[in-house]
Amino acid sequence: MNEIRYTLMNKNRAVLDFLYDADTHRVVKILDIYDLAYAPPAIIDIRGKATRAGLDGWWHGRAIPASRAQIQSLLSELNISSTLALAEKNFGLSLSDRYWINDPEQPQTWDAINFFDNDFTDDLGLLTLGQASSNGNPNLMSPNSTVGGDLNKKWTIVNGTRMLVKSGTGFINQEVYNEVIATHLHQRLLKAGDYIPYTLHQENRRTYCACPNMLCEDEELIPALHIIRSRKQSNSQSDYQFLISCFENLGLKDVETYLSKMLACDFILGNFDRHYQNFGVIRNVETLEYTRFAPIFDTGNSLWCLAESLDTLQDFSYIAKPFGRNGLSPERQLRLLSNFEWFDPTKLTGFTDEVTEILALNPNMPSVRITKIIAGVTRQIEHILKFIAM
C-alpha cells in the first residue's frame, strides 16, 4: 500500500489531514482536523462531522467521470490508469472552488499554484475536449483534471478570461446551440446576474459553446446536492419544500423566486437534466457567507436534443428534475412554483424567431427538425402563459 499524508486546504487554510492510498486512489482515514468550518460541505454529515466516506466520495467526484466519452483514449495517451491520478498531479485544484491537497513533505503555496491567478497551457484541455494533442509531452498542470460532467469540455484562457468550452454530442451537436438559445431566453426574462451567458466558440473546425467563469474573487460554487446531503429532511416535507428550507437556513433570500426563474425557463426550453449538481449557491471562502445563488448554467440538455425524431407528441415528452424520486412531469413541476412577478410575457415576443436563427447556424441541423423544435417551444410557452394567468 502506497500511503501518503495529505492536507486538505481551502485556499490558505488547512482544513484537515488525511491518509491516502495512491495505488487505489482512496481515502484511508481522516487524521487531524484543523478547521471544519472551511471544509467542503459535501464531506460533512448531518451530525456536522467530517467522515472518511464523505471525503472519499467528494474526492472521487472531483475527477473527470469515467462515463465521459473518449475517456479511455485520454488515459491511454497519458499512460495513466485513472483520471484520479490526473487530479493528484494537479493538487486537486479546480476553477469552481478554492480547495486543494497539499503534501506536507513537499509543501506548495496557494499563490504559486492556483489556476485563478496562474496561467495554464491548453495541452490537457485538448485531450479532455476529445481533440488530439499536438504535443508529445503535454503539460498536465491544468484545471482540466477536475472538470465534471459527461460532455467533453475544457477550461481555457481567452484574452485573460477563464472560459469553459463545452462540446455537444453526436453528428448534430445540438447541445452547443441549445446553450446559446438558453442565454437568449435568459437575457429576455432575467437580470444579468441571474445566468451565465454562453456564446458559440470555433476551434479546430468544430463549433463549441463557451462561457466565462461565474466566480468572483474568493468565491466557490457549492452544488445544491452538497447542501441537502448534510441536512435531514422531515417526513412532512416534499423535496421542493426541503430544498427551500435548506437554502433559507443559509441566510439566502427570495428562494422561491430563484427556483421559479430557473425552472420556468427550463420548462420553456424542455430541459430534462436540471439535477442537484448543476445548480446551487455561491459562498465566500474567507467570510463563509453564502452571498448569492449560482447563476443559471448548463442548460444544453434541452429542446429534445436526444430525440431521434419529433414526429409525435410523445417524442416531446420528458421527465423534469430534480424533485421526486424519479422526477416529475414538467407540468407537475411547474405547479410547484410561485412568485412570478419577474415574468413579463411580452418579452417572449420574437423568441421563437431567435431559436430558429440560432439552430439554423448549425450546418448539421435539418430544417425539418428546426420546424418541429419551434412547434415544441411554442407549446411550452402557451402552457406556461396559461399557468401564470390562472
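The structure reproduced in this document is the subject of the present report. Note that the coordinates shown come from a computational prediction; the quantities given were computed from them, not determined experimentally.

Points about the side chain of S82
- You can see S82 is positioned in the loop between α2 (71-78) and α3 (83-89).
- S82 sits in the buried class, given a relative accessible area of 15%.
- Here the side chain of S82 touches L84 through a polar contact of 3.0 Å, landing on its backbone nitrogen.
- Setting aside its immediate chain neighbours within four residues, S82 contacts H25 and L75.

Regarding empty space enclosed by the protein
- Considering all chains together, one arrives at two cavities of 30 Å³ or more under this definition.
- Here the largest cavity defines a volume of roughly 60 Å³.
- Around the largest cavity, the lining residues are L263, D266, F267, N271, Y318, A320, P330, Q333, L334 and L337.
- If you list the elements that add at least two residues to the lining of the largest cavity, you get α9 (255-269) and α10 (330-334).
- Here the residues of the lining of the largest cavity sort into seven nonpolar, two polar and one charged.
- Its boundaries defined by the atoms lining it, the second largest cavity holds a volume of some 30 Å³.

Notes on the pairing of strand β2 (residues 13-21)
- Burial of β2 is extensive: seven of the nine residues sit out of reach of the surface.
- Of the pairings in the sheet, the one linking strand β1 (residues 3-10) to β2 comprises eight bridges and is antiparallel in character. Within the sheet, the bridge partner assigned to I4 lies in β2 and is Y20.
- Pairing of β2 with strand β3 (residues 26-33), which is carried by five bridges, proceeds in the antiparallel orientation. The residue bridging L16 from the neighbouring strand is I33, located in β3.

Concerning the packing of aromatic side chains
- Across all of its chains, the model carries 17 aromatic pairs by this definition.
- Geometrically, the ring pair formed by F115 and F120 is edge-to-face, given 5.7 Å between the ring centres and 80° between the ring planes.
- Residue classification places F120 among the buried positions, given a relative accessible area of 11%.
- Put simply, the rings of Y6, F18, Y20 and W59 touch in pairs and so form one group of aromatic residues.
- Over the aromatic face of F116 sits the side chain of R98, whose NZ or CZ is 3.6 Å from the ring centroid.
- Stacked on the ring of F316, the Lys or Arg R379 has its end atom at 4.5 Å from the ring centre.

A closer look at the sheet that holds β1
- The sheet built from four strands is open, its strands ordered β3-β2-β1-β4 with antiparallel pairing. A strand with exactly one partner marks an edge of an open sheet, and here the two such strands are β3 and β4 (99-102). Averaged over all adjacent pairs, the angle separating strand axes in this sheet is 30°, with direction ignored.
- As paired elements, β1 and β4 share four bridges and run antiparallel to each other. If you follow T7 over to β4, its bridge partner there is N102.
- Each of β1, β2, β3 and β4 is contacted by helix α1 (residues 52-62), which is oriented at about 125° to β3, the strand it contacts most.

Observations concerning the packing of helix α6 (residues 174-189) against helix α11 (residues 351-359)
- For the pair α6 and α11, the least separation of the axes is 10 Å and the interaxial angle reads 155°. With respect to α11, the axis of α6 lies roughly antiparallel. Viewed along their axes, α6 and α11 form a crossing whose handedness is right-handed. Contacts between α6 and α11 involve Y177, N178, V180, I181, H184, L185 and R188 from the first element and F351, E354, V355, I358 and L359 from the second.
- When grouped by side-chain class, the residues that make up the contact of α6 with α11 number eight nonpolar, two polar and two charged.

Thoughts on unusual backbone geometry
- Omega for the peptide link from K321 to P322 comes to 15°, which places this bond in the cis form.
- Inspection of the secondary structure assignment puts P322 in the loop between β11 (290-293) and α10.
- Even without being a glycine, N204 presents a positive backbone phi close to 50°.
- Here N204 lies in the loop between β7 (199-203) and β8 (206-212).
- The backbone phi angle of D254 is positive, close to 55°, even though this residue is not glycine.
- One can find D254 in the loop between α8 (239-249) and α9.

So, how was this worked out
Residues numbered from 1 in each chain as written. Predicted model: local features only at pLDDT ≥ 70, side-chain atom pairs only at ≥ 80, totals over all residues. Heavy atoms only, no water. Helix = DSSP H or I, 4+ residues; strand = E, 2+ residues; numbered from the N terminus. Buried < 20%, exposed > 50% of the residue type's maximum accessible area, 1.4 Å probe, protein only. Polar contact = N/O pair within 3.5 Å; in protein donor to acceptor, adjacent residues only side chain to side chain. Contact = heavy atoms within 4.5 Å. 1 Å grid on protein atoms, 1.4 Å probe; cavity = no way out; pocket = protein on both sides within 12 Å on 5 of 7 lines; lining within 4 Å. Points joined across faces, edges and corners; volume = space filled by probe spheres on them. Nonpolar A, V, L, I, M, F, W, Y, C, P; charged D, E, K, R; others polar. Pairing = 2+ DSSP bridges. Phe/Tyr/Trp six-rings, centres within 6.5 Å; stacked < 30°, edge-to-face > 60°. Lys NZ or Arg CZ within 6 Å of the ring centre and 35° of its normal. Axes fitted to C-alpha atoms, helices over the stretch in contact; angles between N-to-C directions. Parallel < 35°, antiparallel > 145°, perpendicular 65-115°, else oblique. Left-handed = near helix turned anticlockwise from the far one by under 90°.

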